[in-house]
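# Observations on the model geometry
The residues making up each chain are set out below.
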Amino acid sequence: TLTLADGSVMLLDSIKKGKLSLQGGVTVEKMDDGQLVYQPADVKSGEVFYNTMTTPKGGQYQIKLPDGTAVWLNAASSITYPITFTGNSRTVSITGEAYFEVTHDEQKPFIVTKGEMETRVLGTHFNIKAYDEEDEIRVTLLEGSVSVAKNAAGSILKAGQQAQVKNGIKVNSDVDLEAVMAWKNGRFIFQGTGTEETLREIARWYDVELEFRGKPLEQHFGGDISRNVEASKVFEMLENTGALHVRI
C-alpha cells in the first residue's frame with residue numbers, strides 16, 4: 001500500500017501501470033515491472049509532503065525515490081519519505097527490513113532512522129533489519145562506508161561489516177553477505193540462526209501466526225530454502241531436524 005500525504009491509501013497490487021498521483025508538482029508512476037518511481041520537480045521552499053510505502057506479511061516491493069535511490073522492502077516493512085528532498089540531507093525512516101542502493105550526493109547525506117538509531121551515508125549499498133519483534137537492529141554494509149549512531153554511541157562500517165545495535169553498537173566483521181541478502185533473492189539462508197528468530201522470519205513470509213506450547217528448545221538452524229516452497233514443506237523440514245514438532 002502507498003499512503004499519500006493527505007492520508008489516502010492506494011492498493012498498488014490492483015492498480016494498473018502509469019501515473020498514479022500528482023503531489024506538490026511530483027509525479028508518481030507505476031512502471032511495467034511494478035516498481036514505483038517518483039519523478040522529481042521543483043517544490044516551493046518549506047513545502048514538504050510525505051508518503052509511506054508498506055508491505056504486508058508475505059509481500060515485497062521496490063521503489064525508486066526522487067533522488068534515484070533504489071529501495072527494496074522485505075515483508076511486513078515500511079518506509080516513510082518526502083516526495084522530494086529539500087534542505088541539506090535526505091532523510092527517511094523505516095520499520096522492518098529494507099535494502100538500499102543510494103545515489104551518491106556529496107552535498108546531501110542520505111539518512112535512515114529507526115527510533116533512536118541513525119544510519120548516515122553519502123552513496124552506497126546497505127541492508128537494515130529493524131523489526132520491532134527482534135531484540136536488535138542489524139545494519140549490514142555491502143559496499144562503501146556508513147556511519148551508525150544511537151544516542152552517544154557511534155561506529156563507522158566498512159564493506160562486509162555489520163553493526164548490531166541494541167543498548168550499544170557492536171561491529172561484526174564475520175558476516176555472510178549472501179545469507180543477509182537471501183530475502184531479496186527469494187531465499188531463506190539460515191546459518192546458526194536460533195529457533196525463535198528462524199520461526200519469526202518464516203512466519204513473516206508465509207503470513208502465519210505462531211503459537212508456542214511451552215518455550216521452544218534453543219537450536220541453531222542451517223539451510224538454504226527457496227521462498228517459493230509451500231509453508232507446510234518448510235515446517236516439515238524443520239520437524240525433520242528433530243528440534244520441534246509442528247501442527248498446522
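Residues numbered from 1 in each chain as written. Predicted model: local features only at pLDDT ≥ 70, side-chain atom pairs only at ≥ 80, totals over all residues. Heavy atoms only, no water.

What follows is about the pairing of strand S6 (residues 50–54). Alternating positions in S6 separate cleanly, Asn51 and Met53 being buried on one face and Tyr50, Thr52 and Thr54 remaining unburied on the opposite face. Looking at chain direction, strand S1 (residues 2–3) and S6 are connected through two bridges and run antiparallel. Residue pairing across strands places Thr3 opposite Thr52, the latter belonging to S6. Direction of pairing for S6 relative to strand S9 (residues 78–82): antiparallel, over a ladder of five bridges. (Buried < 20%, exposed > 50% of the residue type's maximum accessible area, 1.4 Å probe, protein only. Helix = DSSP H or I, 4+ residues; strand = E, 2+ residues; numbered from the N terminus. Pairing = 2+ DSSP bridges.)

Glancing now at the pattern of salt bridges. Opposite charge on two side chains permits pairing when their charged atoms draw close. Within the structure shown, the criterion is met by 15 salt bridges. In this structure, Asp67 and Arg90 form a salt bridge, with 2.5 Å as the shortest nitrogen-oxygen distance. Here Asp67, found in the loop between strand S7 (61–64) and strand S8 (70–73), pairs with Arg90, found in strand S10 (residues 90–101); they are 23 residues apart in sequence, far enough to count as distant. The partner of Glu196 in a salt bridge is Arg200, and the shortest N-O contact between them spans 4.0 Å. Residue Glu196 and its partner Arg200 are both found in helix H2 (residues 195–206); the two are separated by four residues, about one turn of the helix. (Salt bridge = Lys/Arg side-chain N within 4 Å of Asp/Glu carboxyl O.)

The nonpolar side chains of a soluble globular protein tend to be buried with one another. Grouped together as the largest cluster of nonpolar side chains are 40 residues, with contacts concentrated most on Leu2, Leu36, Met53, Phe100 and Phe126. The leading source of residues in this core is S10, at four residues. Once residues lying within four places of it in the same chain are set aside, the contact partners of Met53 are Thr1, Leu2, Leu12, Leu36, Tyr61, Ile63, Leu73, Ser77, Ser78, Ile79 and Tyr81. (Core = buried A, V, L, I, M, F, W, Y, C linked by side-chain atoms within 4.5 Å. Contact = heavy atoms within 4.5 Å.)

This part is about the side chain of Gln161. Inspection of the secondary structure puts Gln161 in the loop between strand S16 (153–158) and strand S17 (162–165). The class for Gln161 is buried, based on a relative accessible area of 16%. Gln161 has contacts with Val139, Thr140, Leu141, Ile156, Val171, Asn172, Ser173 and Val175, leaving out every residue within four places of it along the chain.

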